[in-house]
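Understanding the architecture of this molecule
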Amino acid sequence: MNAFAVDRLTGLSAFVRTADLGSFAAAGRVMGVSPSAVGKAVTKLEDQLQAV
């Protein structure tokens, strides 16, 4: 698996956790990272998918 695929999986995981739990803070607690890291992962995923 290449780095791009890993980044995308991280972003998808962050997105799903955020959607399930309702906030970046809650997702960060479950994932063991800061809310900012979760938000950045989701933003990067959106950029890769060209979402608006």
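Since the model is a prediction, treat every value here as computed from it, not as a measurement.

The rules behind these values
- Residues numbered from 1 in each chain as written.
- Predicted model: local features only at pLDDT ≥ 70, side-chain atom pairs only at ≥ 80, totals over all residues.
- Heavy atoms only, no water.
- Helix = DSSP H or I, 4+ residues; strand = E, 2+ residues; numbered from the N terminus.
- Contact = heavy atoms within 4.5 Å.
- Core = buried A, V, L, I, M, F, W, Y, C linked by side-chain atoms within 4.5 Å.
- Buried < 20%, exposed > 50% of the residue type's maximum accessible area, 1.4 Å probe, protein only.
- Salt bridge = Lys/Arg side-chain N within 4 Å of Asp/Glu carboxyl O.

1. With respect to the environment of G28
Mapping G28 onto the fold places it in helix α2 (residues 24–31). Distance from G28 to A14, taken between C-alpha atoms, is 8.2 Å for residues 14 residues apart in sequence. Residue contacts for G28: discarding those within four places in its chain leaves V33, S34 and V38.

2. Re the nonpolar core
Counting residues in hydrophobic clusters, the biggest one holds 5 residues: A14, A27, V38, A41 and V42. No other element matches helix α3 (residues 35–49), which puts 3 residues into this core. Not counting the four nearest positions on each side in its chain, A41 is found in contact with T10, G11 and A14.

3. Some words on the pattern of salt bridges
For the structure shown, the criterion picks out 1 salt bridge. Note that K44 is salt-bridged to D7, the shortest N-O span being 3.0 Å. Taken as a pair, K44 in helix α3 and D7 in helix α1 (residues 3–21) lie far apart in primary sequence, 37 residues in all. We classify K44 as partly exposed; its relative accessible area is 42%. Under the relative-accessibility criterion, D7 is labelled partly exposed at 34%.

4. Observations concerning the environment of R17
Summarising the element assignment, R17 is placed in helix α1. Sequence separation between R17 and A3 is 14 residues; the distance between their C-alpha atoms is 21 Å. For R17, the residues in contact, after removing those within four places along its chain, are G22, A27, V30 and M31.

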